[in-house]
Amino acid sequence: MNNEQVATFVITGMTCANCSARVEKELKAQPGVAQATVNLATEKATVQFNETTAEALIKSVENIGYGAILDDEAHRQQVAEKKQARIQKMRRDLMISVVLVAPLMVAMIAMILGVDASWVHFFHRPIVQLILVAPIQFGVGLRFYKGAYHALKTKAPNMDVLVSLGTTAAFILSFYNGFLGGDPHELYFESSGMIIALILLGKYLETTAKNKTSSAIKQLMQLQAKTARVVNEDGSQSEVAIASVRQGMQVIIRPGEQIPVDGIVLSGKTTVDESMLTGESMPVAKTSSSTVFGGTVNNTGQLVIKTLKVGDETVLARIIRMVEDAQGQKAPIQQIADKISAVFVPSVLAIAMVTLIVTGLVSGNWQEALIHSVAVLVIACPCALGLATPTAIMVGTGLGAKNGILIKGGAVLEQAAQLNAIVLDKTGTITKGKPTVTNLQLATADLLTVLVSLEAASEHPLAGAIVDYGIEKNIQAVKVDHFEALPGLGIAGQINGKTYFVGNAKLMAEKEDCDNYLSKLNQWSKEGKTVMLVSDETNVLGIVAVADEIKATSKAAIATLQNHGIAVYMLTGDNKASAEYIGSQVGISVTNVFAEVMPDEKSAKVAELQAKGALVGMVGDGINDAPALALADVGIAMGSGTDIAMETADVTLIHSDLTYLDQMLQLSKATIKKIKQNLFWAFVYNTIGIPFAALGFLNPIIAGGAMAFSSVSVLLNSLSLNRLKLEKRE
């Protein structure tokens with residue numbers, strides 16, 4: 001679509017799954033809306049649209065009785081204030097309800113226990129009960145009447161309809177018996193008041209618990225620095241608001257301070273605590289040219305960095321955005337709950353009516369029949385059903401973020417839990433993605449200076465590996481005269497008047513002692529290494545091998561996946577012999593190694609496995625991996641990779657360590673297990689509860705308490721996911 005926009009709104013006034021479904025339906029019905037998703041747990045709507053405006057969408061939500069506020073920086077404070085005000089009002093109303101209804105409940109229990117006291121009789125007088133309960137029914141309970149009115153107006157009955165119908169029926173029956181000629185001993189004022197108090201208590205506990213499920217986002221947001229110390233053009237320093245920092249500015253970070261932006265180190269040496277981003281407790285050493293990330297903490301030395309990314313472009317901001325987006329998305333399993341919720345309330349109304357008529361006709365006691373139907377209405381509220389999936393997803397994605405695993409939503413979690421095949425790109429995934437010197441044999445120690453000096457003058461991609469090796473060994477490069485690149489062969493140059501060569505076997509074929517190195521050259525070449533010989537004008541004096549080394553954790557991580565029933569494959573552009581050697585080193589069988597695969601052929605290999613019935617996770621880090629990441633059932637990007645790979649992927653492993661691939665699978669399976677547990681209990685609760693209420697085995701007060709705490713139990717079960725330890729399995 002042209003001019004397509006995506007906006008997120010905070011929705012107020014939703015009380016159950018039917019509410020979120022109604023808002024979602026209304027938003028989808030608006031002209032120009034391509035997609036809309038409403039999440040009851042986060043109380044947010046994400047809308048993809050064009051040819052309309054955010055203001056028009058807000059108006060459409062308000063027209064059906066709910067509120068909507070644009071969830072952006074400008075309105076964030078307003079949203080926070082409204083949420084706080086709502087919680088305070090809920091707490092105040094709850095206290096009022098408890099204070100007013102408590103004497104009636106105590107008197108009722110006392111009468112059941114046979115206490116015959118004047119105060120018991122006082123609280124059973126109709127006028128006393130009416131005075132105490134009316135403020136609860138029509139003051140505190142006004143929220144349910146308003147919600148019911150808008151729900152019925154839009155032909156989408158929700159929880160508010162059930163509560164208001166049930167409590168009003170109990171209140172009117174009590175009023176009739178107490179003041180209009182009925183039996184004054186059959187009063188249910190305390191039932192209507194207590195039901196409202198219990199439901200409000202459940203909602204209050206639910207709201208506070210939901211705030212805990214979003215704690216991961218809050219913790220990440222708290223990592224964002226508010227100010228930065230910048231170097232001005234005249235060399236002076238000044239502390240400015242983070243919003244004033246621009247790309248290219250120099251920023252000073254003192255020991256113990258939080259790094260405010262993403263940048264590259266210009267000067268200084270330190271260690272940085274990156275645990276808040278990666279979950280890894282070990283500090284990371286930083287020197288000149290190292291990359292640092294906003295939100296991490298400088299430990300020991302002072303740094304001067306050049307700003308690379310600020311504001312919404314920083315890694316921390318992107319992580320926050322990814323987690324927020326993930327928490328707002330639905331898992332396919334939630335469609336079950338959505339479909340049931342759409343027909344649930346009308347069905348309950350029908351069951352309540354049948355209960356009233358059948359019980360009245362059979363027993364002849366229409367008061368008893370009405371109380372049974374009230375119990376049905378109260379116990380059947382589908383709040384737990386609406387919270388079962390989104391709360392588990394919120395906790396699961398938040399826990400993933402704390403451990404350096406960024407998951408883009410519920411659908412991804414569900415798919416990841418079912419993966420049975422993982423395809424690993426070799427470079428940067430199994431290997432470090434950077435060539436290093438792996439083998440070196442030189443006739444004399446002085447030759448290392450010669451080798452490093454010649455490669456320092458070269459522009460060959462592998463020259464940097466040898467230069468870096470020289471830096472590690474404290475070798476200083478010396479002047480090279482008459483340097484010459486020999487295409488297809490190697491390089492040559494003079495040092496202190498003597499000519500030296502570095503190159504392949506073809507360049508060295510005529511020199512003395514070449515045969516002495518051929519066995520090593522052949523052996524190292526079979527291992528996928530690039531091998532070079534070093535010589536002077538007459539003799540071969542040494543041999544060096546450069547390769548992209550396998551990461552220390554790759555072999556164990558792959559073995560763990562295989563031990564837990566995952567078939568592991570490797571993709572690489574290397575020749576067959578080299579690829580099979582790397583595969584053998586990490587425990588991947590020859591049949592699962594795809595060698596000589598061109599970048600544009602990677603997605604075809606994924607499709608090939610999918611055609612055989614495999615659910616495929618693709619792991620990569622480069623631009624050329626993006627098509628395969630997009631095609632895979634779950635695309636997984638390494639955090640050290642390109643932005644394109646991470647944007648295309650469904651999951652990003654910040655650590656760039658395959659060990660966390662298994663942890664991602666552990667997390668996804670645990671989250672889906674929690675969702676299934678939640679849905680099971682929500683379904684069982686309503687399935688068992690409604691018949692019990694209809695048959696008179698549950699009075700309305702117990703039904704109200706059970707309904708209120710069913711939602712809380714689902715939330716607590718989701719929150720228990722925070723106790724999951726994502727450990728390295730064997």
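Residues numbered from 1 in each chain as written. Predicted model: local features only at pLDDT ≥ 70, side-chain atom pairs only at ≥ 80, totals over all residues. Heavy atoms only, no water.

Per an unreviewed UniProt entry, the recorded name for the protein is P-type Cu(+) transporter, and the organism is Candidatus Enterococcus myersii. Quoted verbatim from the Sequence similarities (unreviewed entry) field of UniProt, the annotation for the protein is "Belongs to the cation transport ATPase (P-type) (TC 3.A.3) family. Type IB subfamily." Per its UniProt entry, the protein bears the Catalytic activity (unreviewed entry) comment "Cu(+)(in) + ATP + H2O = Cu(+)(out) + ADP + phosphate + H(+)". (UniProt positions renumbered as here; feature names shortened; annotations may be inferred.)

Q: Please provide a residue-by-residue account of the overall build of the protein, values included.
A: Each helix and strand in the protein was counted, giving 27 helices and 26 strands. Counting the 730 residues in the protein, one finds 52% classified as buried. If you sum the accessible surface of the protein, you get close to 32500 Å²; carbon and sulfur atoms cover 57% of it. (Helix = DSSP H or I, 4+ residues; strand = E, 2+ residues; numbered from the N terminus. Buried < 20%, exposed > 50% of the residue type's maximum accessible area, 1.4 Å probe, protein only. Areas by Shrake-Rupley, 256 points an atom, 1.4 Å probe, with all protein chains shown as cover.)

Q: Quick rundown of helix H3 (residues 76-112)? Include the residues and the values.
A: When the terminal C-alpha atoms of H3 are compared, their 52 Å separation across 37 residues agrees well with the 54 Å that a helix rising 1.5 Å per residue should span. The largest bend in H3 comes to about 35°, at Val-101, with the proline Pro-103 one to four residues further on. Among the residues of H3, Val-79, Ile-87, Met-90, Asp-93, Leu-94, Ser-97, Leu-100, Val-101, Leu-104, Met-105, Ala-107 and Ala-110 are the ones counted as buried. (Expected span 1.5 Å × (residues − 1). Bend = angle between axes of the 7 residues up to and from the residue.)

Q: Explain the pattern of salt bridges residue by residue, including any values.
A: As enumerated under the stated definition, the model contains 15 salt bridges in all. Asp-93 serves as the salt-bridge partner of Arg-143, at 2.2 Å between the closest nitrogen and oxygen. Of the two residues, Arg-143 sits in helix H6 (residues 142-153) while Asp-93 sits in helix H3, which places them 50 residues apart along the sequence. Glu-608 serves as the salt-bridge partner of Lys-605, at 3.9 Å between the closest nitrogen and oxygen. Residue Lys-605 and its partner Glu-608 are located together in helix H23 (residues 602-611), separated by three residues, close to a single helical turn. The class of Glu-608 is partly exposed, set by a relative accessible area of 34%. Connected through salt bridges with shared partners, the residues Lys-89, Asp-93 and Arg-143 form a single ionic network. (Salt bridge = Lys/Arg side-chain N within 4 Å of Asp/Glu carboxyl O.)

Q: Give me the lowdown on the pairing of strand S25 (residues 634-638), citing residues and values where you can.
A: Most of S25 is tucked away: five of the five residues are buried. Alternating positions in S25 separate into two faces, Val-634, Ile-636 and Met-638 on one and Gly-635 and Ala-637 on the other, with burial throughout. Across three bridges, the pairing between S25 and strand S26 (residues 651-653) is parallel. The partner of Ile-636 across the bridge, within S26, is Val-651. (Pairing = 2+ DSSP bridges.)

Q: Outline the packing of aromatic side chains, listing residues and values.
A: Under the criterion given, the structure shown has eight aromatic pairs. Ring centres of Phe-138 and Phe-171 lie 5.1 Å apart, and the angle between their planes is 85°; on these two criteria the pair is classed as edge-to-face. On the criterion of sequence distance, the pair formed by Phe-138 in helix H5 (residues 126-140) and Phe-171 in helix H7 (residues 159-179) is long-range, its members being 33 residues apart. On the basis of relative accessible area, Phe-171 is assigned to the buried category, the value being 7%. Each ring, one from Phe-171 and one from Phe-189, has its centre 5.2 Å from the other, and the planes form 75°; the classification is edge-to-face. (Phe/Tyr/Trp six-rings, centres within 6.5 Å; stacked < 30°, edge-to-face > 60°.)

Q: Give me unusual backbone geometry: which residues, what numbers.
A: For Asn-474, which is not a glycine, the phi torsion comes out positive at approximately 60°. When you line up the elements, Asn-474 lands in the loop between helix H18 (463-472) and strand S17 (481-486). By relative accessible area, Asn-474 is classed as exposed at 66%. Backbone geometry at Glu-596 places phi at a positive 55°, although glycine is not the residue there. Relative to the assigned elements, Glu-596 resides in the loop between strand S23 (593-594) and H23.

Q: Can you break down the sheet that holds strand S9 (residues 270-273) residue by residue, with the values?
A: Ordered by their spatial adjacency, three strands build an open sheet running S10-S9-S12, and the pairing between neighbours is antiparallel. The sheet is open, and its two edges are formed by strand S10 (284-286) and strand S12 (297-298), each paired on a single side. The pairing of S9 with S10 spans three bridges and is antiparallel. In the strand pairing of S10, Thr-271 is matched with Ala-285.

Q: Please provide a residue-by-residue account of the side chain of Lys-674, values included.
A: Summarising the element assignment, Lys-674 is placed in helix H26 (residues 659-694). There is a polar contact of 2.8 Å between the side chain of Lys-674 and the side chain of Ser-720. What Lys-674 contacts, discounting residues up to four positions off in sequence, is Ala-392, Asn-717, Ser-720 and Leu-721. (Polar contact = N/O pair within 3.5 Å; in protein donor to acceptor, adjacent residues only side chain to side chain. Contact = heavy atoms within 4.5 Å.)

Q: Could you give an account of H6, naming the residues involved and the relevant values?
A: Its twelve residues give H6 an end-to-end C-alpha distance of 16 Å, which sits within 8% of 16 Å, the value for a rise of 1.5 Å per residue. Three or more residues of H6 are buried, namely Phe-144, Gly-147, Ala-148 and Ala-151. Viewed end-on, H6 has its buried residues packed into an arc of 100°, placing them on one side of the element. Residues of H6 that are exposed and point over 90 degrees away from its buried face: Lys-146 and Tyr-149. One or two steps after H6, the chain reaches Lys-155, where phi turns positive at roughly 55°. (Arc of directions from axis to C-beta.)

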